[in-house]
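Results of the structural survey
One letter stands for each residue in the lines below.
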Amino acid sequence: MRALPSAVPSGGYFTLQNKSGKTVILTGADSPACGMLMLHKSDDKGGMSSMSDVAEVPVPAGGSVSFTPGSYHLMCMDTKPSLKPGASVPVTLHFKSGEKLTVSFAVRNAAGK
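My aim in this report is to walk through the structure given alongside it, one point at a time.

1. Things to note about the overall build of the chain
Along its length, the chain carries 0 helices and 10 strands. Secondary structure elements of the chain occur, N-terminal to C-terminal, as β-β-β-β-β-β-β-β-β-β. C-alpha atoms of the chain, sized along the principal axes, occupy 40 × 35 × 25 Å. Sequence separation of 24 or more characterises 67% of the internal contacts of the chain that already satisfy a separation of 6 or more. Here the chain contributes 11 positive and 7 negative side-chain charges, whose respective centroids are spaced 8 Å apart.

Encoded structure:
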């Protein structure tokens, strides 16, 4: 997670690997470090950048999806004081199957360090 001033949404970046034999579908995420945590995607179309909410992100069987600047990412709105560089925060990923996976995200500064 990249920590930014609380009035500015922060981004969450990671790679989601699917080691199973079937596609899994990420449908959401939450964290106590964020008032709201959304799935987003940035696109560049004809030199115009845009960002939009996405309802789900499919992860192919045996594959992975990277959440990176300029692509899929988590958008943390209303950041809490726990989101500060050097800390780590729990993020729970929600899947269409009903499964949940809680992972620890390192918090970095705006430059990603």
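2. Focus: the pattern of salt bridges
One pass over the structure, following the stated rule, counts 3 salt bridges. One salt bridge in this structure joins lysine 96 and glutamate 56, with 3.6 Å as the shortest N-O distance. With lysine 96 in the loop between strand 9 (88-95) and strand 10 (100-106) and glutamate 56 in the loop between strand 5 (48-53) and strand 6 (57-59), this pair connects stretches of sequence that are 40 residues apart. Residue lysine 96 is classed as exposed on the basis of its relative accessible area of 56%. With a closest N to O distance of 2.9 Å, aspartate 78 and lysine 80 form a salt bridge.

3. So, the sheet that holds strand 10
Strand pairing in a sheet relies on backbone hydrogen bonds. The paired strands run either parallel or antiparallel. Read from one edge of the open sheet, 4 strands run 6-3-9-10, paired in antiparallel fashion. Edge positions in the open sheet fall to strand 6 and strand 10, since each of these has one partner strand only. Taken pair by pair, the neighbouring strands of this sheet meet at an average axis angle of 40°, ignoring direction. Note that strand 9 and strand 10 share 7 bridges and pair antiparallel. Directly across from proline 90, in strand 10, lies its bridge partner serine 104.

4. A look at the packing of aromatic side chains
Scanning the entire structure with this criterion turns up 3 aromatic pairs. Ring geometry for phenylalanine 14 versus phenylalanine 67: centroids 4.3 Å apart, planes at 15°, classification stacked. Separated by 53 residues along the polypeptide, phenylalanine 14 in strand 2 (residues 14-17) and phenylalanine 67 in strand 7 (residues 64-67) bring together distant segments of the chain. For the pair phenylalanine 14 and phenylalanine 67, a shared accessibility class is recorded, and that class is buried. Ring centres of phenylalanine 67 and tyrosine 72 lie 5.7 Å apart, and the angle between their planes is 40°; this geometry places the pair in the tilted category.

5. What to know about the state of the cysteines
In the structure shown here, the tally under the stated rule is 1 disulfide. Covalently, cysteine 34 is tied to cysteine 76 through a disulfide, its sulfur atoms 2.0 Å apart. Residues cysteine 34 and cysteine 76 are joined through a disulfide that is left-handed, its torsion about the S-S bond being -115°. With cysteine 34 in strand 4 (residues 34-45) and cysteine 76 in strand 8 (residues 72-79), this residue pair connects regions lying 42 residues apart in the sequence. No difference in accessibility class separates cysteine 34 from cysteine 76, as the two residues are buried.

The rules behind each value
- Residues numbered from 1 in each chain as written.
- Predicted model: local features only at pLDDT ≥ 70, side-chain atom pairs only at ≥ 80, totals over all residues.
- Heavy atoms only, no water.
- Helix = DSSP H or I, 4+ residues; strand = E, 2+ residues; numbered from the N terminus.
- Contact = heavy atoms within 4.5 Å.
- Lys, Arg positive; Asp, Glu negative; His and termini not counted.
- Charge placed at Lys NZ, Arg CZ, Asp CG, Glu CD.
- Salt bridge = Lys/Arg side-chain N within 4 Å of Asp/Glu carboxyl O.
- Buried < 20%, exposed > 50% of the residue type's maximum accessible area, 1.4 Å probe, protein only.
- Pairing = 2+ DSSP bridges.
- Axes fitted to C-alpha atoms, helices over the stretch in contact; angles between N-to-C directions.
- Phe/Tyr/Trp six-rings, centres within 6.5 Å; stacked < 30°, edge-to-face > 60°.
- Disulfide = S-S within 2.5 Å.

This is a description of form; function is not addressed.
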